[in-house]
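Below, each chain spelled out in residue letters.
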Amino acid sequence: MTEYQGAYRAHTNIALIKYWGKADADLFIPTTSSLSLTLNALYTDTRVTFSSDYEADSFALNGEEKSAEEVAKISKFLDLFRTEADVDFKARVESINHVPTAAGLASSSSAFSALAAASRQALQLNHISDQELSTYARRGSGSATRSIFGGFVEWQKGTKSENSMAVKIDDATWDIGMVIMTINTKEKRVSSRKGMAHTLKTSPFYPEWVRQNKIDLARIKDAIEAQDFILLGEIAEANAMRMHATTMAADPSFTYFEPATIKAIQAVQDLRASGIPAYYTIDAGPNVKVLCRASQMNQVEAFLANQFEDMQFIKTTPGPGIQQLDRWE
Ligand code: ADP
Ligand code: DP6
Ligand code: CO
């Protein structure tokens, strides 16, 4: 028996300038570039084992065997690495999400970054740099492109598969924090993949989204360069709402917002009016993420907890890039 194994941790990332639509759905080339913050508190650990003894690929998430459909997605992704390594062994993938799955908290971003890194290690594809690895992660889930690196990361849309990749922009070690308001951590009804495809196809706002996103990205990069937190927050908040506006204008219309999402938005506005710089962003799900000063996370939580009694808050600082796991479990 011959066996190859790799195990990696990757952290989730939250987009401050969103990716919302594919120019090429097979290759996961986006219509726009995007920019995110990697998060320390939320991550995925994944181990992959390629073995001459296995007869089929299999995939267990949080200790549960996943459906044939989920396994097929993983197989297609692993094929990219098997082709590169010229290995045809079947694989066993075991993954633990330290983040709610499919709830709009970006589990797919940490998931496919961790699996890409574990696969590179297992198949000893040492010639693949981290930057090139991001082009592999991208093929599992677009947002995973950015989770290869820590801090603020840009996913440059590029012109082809080889150059649609992540570029590290900044370590984000200048008092940046995030307080996540968990409004609903159940699996969402419309996956990111389906939501963006439907929007791109039917929303008359879509071309304007693409045009505006470029402007937002250029401006937020300037804000990061200048370490201008207020400008960073203002741009991120506006960009998130622009993305959500495209879904509301889709045909048929849809939204990831729940009633509590709107209440949370108002609470963040009140928080800001009280003098604390804090800005919200929302991915494809109802949960609201509040960008604030790391040194003020406790104050932010206390203010919000006052208005949302039973809510769970996740406080996090910026996270690192992919990390090899020396021990499993
Ligand atoms: P999210 O907001 O959590 O990123 P998505 O709809 O983008 O939601 O992606 C959720 C999908 O990502 C899951 O249905 C599953 O197919 C995949 N996924 C999530 N976690 C893992 C994991 N640890 N390993 C492999 N695939 C995963
Ligand atoms: C709203 O990366 O989850 O979170 O590429 O189809 O797997 P697929 O979608 P995914 O979409 C993320 C959408 C978003 C914005 C973002 O993360 O940039
Ligand atoms: Co996702």
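Quick caveat, the model's predicted, so the values are computed rather than measured.

About the thresholds
- Residues numbered from 1 in each chain as written.
- Chains lettered and ligands numbered in written order.
- Predicted model: local features only at pLDDT ≥ 70, side-chain atom pairs only at ≥ 80, totals over all residues.
- Heavy atoms only, no water.
- Helix = DSSP H or I, 4+ residues; strand = E, 2+ residues; numbered from the N terminus.
- Polar contact = N/O pair within 3.5 Å; in protein donor to acceptor, adjacent residues only side chain to side chain.
- Contact = heavy atoms within 4.5 Å.
- Near = heavy atom within 4 Å.
- Nonpolar A, V, L, I, M, F, W, Y, C, P; charged D, E, K, R; others polar.
- Expected span 1.5 Å × (residues − 1).
- Buried < 20%, exposed > 50% of the residue type's maximum accessible area, 1.4 Å probe, protein only.
- Arc of directions from axis to C-beta.
- UniProt positions renumbered as here; feature names shortened; annotations may be inferred.
- Phe/Tyr/Trp six-rings, centres within 6.5 Å; stacked < 30°, edge-to-face > 60°.
- Axes fitted to C-alpha atoms, helices over the stretch in contact; angles between N-to-C directions.
- Parallel < 35°, antiparallel > 145°, perpendicular 65-115°, else oblique.
- Areas by Shrake-Rupley, 256 points an atom, 1.4 Å probe, with all protein chains shown as cover.
- Pairing = 2+ DSSP bridges.

Undergrad: Any chance you could explain the side chain of Thr 246 here in plain terms?
TA: Along the chain, Thr 246 turns up in helix H6 (residues 229–248). A polar contact is formed between the side chain of Thr 246 and the backbone oxygen of Met 243, at a distance of 2.5 Å. Excluding its chain neighbours within four sequence positions, the residues that come into contact with Thr 246 are Trp 20, Thr 199, Ser 203, Phe 205 and Trp 209.

Undergrad: In this structure, what is going on with the site of ligand 2? I would like to understand it.
TA: Every one of the 17 residues lining ligand 2 counts as a neighbour, but Tyr 19, Lys 22, Ser 141, Gly 142 and Ser 143 are closest to it. Interatomic distance of 2.7 Å between a side-chain N/O atom of Lys 22 and an oxygen atom of ligand 2. At 2.8 Å from an oxygen atom of ligand 2 is found a side-chain nitrogen or oxygen belonging to Arg 146. Among the elements that make up the shell around ligand 2, the one with the highest residue count is helix H4 (residues 192–202) (three residues). Within the shell around ligand 2, the residues separate by chemical class into seven nonpolar, five polar and five charged.

Undergrad: What am I meant to see in the environment of Ala 250 here?
TA: Position of Ala 250 relative to the elements: it lies in the loop between H6 and helix H7 (259–273). If we ignore the near neighbours within four places in the chain, the residues touching Ala 250 are His 198, Thr 199, Thr 202 and Ser 203.

Undergrad: Whenever I open this one, H7 confuses me. Can you help?
TA: Quick reminder: α-helices carry 3.6 residues per turn. Residues three or four places apart thus point the same way. Taking 1.5 Å of rise per residue, the 15 residues of H7 would be expected to cover 21 Å, and the 22 Å separating its terminal C-alpha atoms lies within 8% of that figure. Here H7 has its buried residues at Thr 261, Ala 264, Ile 265, Ala 267, Val 268 and Leu 271. Buried residues of H7 fall within an arc of 160° about the axis and therefore sit on the same side. More than 90 degrees from the buried face of H7, the exposed residues found are Pro 259, Lys 263 and Ala 273. The secondary structure elements touched by the buried residues of H7 are strand E10 (176–182), H6, strand E11 (278–281), strand E12 (288–293) and helix H8 (297–307). Once H7 finishes, Gly 275 follows within two positions and takes phi at roughly 110°, a positive value.

Undergrad: Whenever I open this one, the UniProt feature "domain: Mvd1 C-terminal" (unreviewed entry) in the chain confuses me. Can you help?
TA: The positions UniProt marks with the feature "domain: Mvd1 C-terminal" (unreviewed entry) are residues 179–313. Its end C-alpha atoms 6 Å apart, residues 179–313 is made of 57% helix and 12% strand.

Undergrad: When you look at the packing of aromatic side chains in this model, what are you seeing that I'm missing?
TA: Each aromatic ring pair is specified by the distance between its two centres and by the angle formed by the two planes. The full count for this structure, using the stated rule, is nine aromatic pairs. Their ring planes at 45° and their centres at 6.0 Å tell us that Phe 152 and Trp 174 sit as a pair that is tilted. One end of the pair, Phe 152, is in strand E8 (residues 152–156); the other, Trp 174, is in the loop between strand E9 (165–170) and E10, with 22 residues separating them in the sequence.

Undergrad: Explain the packing of helix H1 (residues 68–85) against helix H3 (residues 130–137) to me, please; I cannot follow it from the model alone.
TA: The packing of two helices is summarised by the inter-axis angle and the distance between the axes. Where H1 contacts H3, the axes come no closer than 10 Å and their chain directions differ by 135°. Classified by the interaxial angle, the pair formed by H1 and H3 is oblique. Together, Phe 77, Leu 80, Phe 81 and Glu 84 of H1 and Leu 133, Tyr 136 and Ala 137 of H3 make up the contact between the two elements. Residues that form the contact of H1 with H3 fall into these classes: six nonpolar, no polar and one charged.

Undergrad: Help me understand the site of ligand 1 in this model?
TA: Close to ligand 1 lie 21 residues; Glu 70, Lys 73, Ser 95, Ser 107 and Lys 188 are nearest. One of the side-chain nitrogen or oxygen atoms of Lys 73 is found 2.7 Å away from an oxygen atom of ligand 1. Here Ser 108 contributes a side-chain N or O atom positioned 3.0 Å from an oxygen atom of ligand 1. Protein contacts shield 90% of the accessible area of ligand 1, which totals 570 Å² for the unbound molecule. Among the elements of the structure, strand E5 (58–61), H1, strand E7 (90–98) and helix H2 (107–122) are those that each provide at least two residues to the shell around ligand 1. In terms of residue count, H2 provides more of the shell around ligand 1 than any other element does, four residues in total. Here the shell around ligand 1 is built from residues that sort into nine nonpolar, nine polar and three charged.

Undergrad: Even after reading the chapter, I still don't get the side chain of Thr 12, so can you show me in this structure?
TA: Structurally, Thr 12 is set in strand E1 (residues 3–17). Residue classification places Thr 12 among the buried positions, given a relative accessible area of 0%. Those residues within four positions of Thr 12 in sequence are excluded, and the remaining contacts are Leu 37, Thr 38, Leu 39, Leu 42, Tyr 43, Val 99, Leu 105, Ala 106, Ser 109, Ser 110 and Ser 147.

Undergrad: Got a minute to help me understand the pairing of E1 in this structure?
TA: Here is the key point about a regular strand: its side chains alternate between the two faces of the sheet. Counted residue by residue, E1 has eleven buried out of 15 residues, so it is predominantly covered. Pairing analysis gives 13 bridges linking E1 to strand E4 (residues 34–51), with the strands arranged antiparallel. Bridged to Ile 14 within E4 is Leu 37. Of the pairings in the sheet, the one linking E1 to strand E14 (residues 323–324) comprises two bridges and is antiparallel in character. What sits directly across from Arg 9, in E14, is Gln 323.

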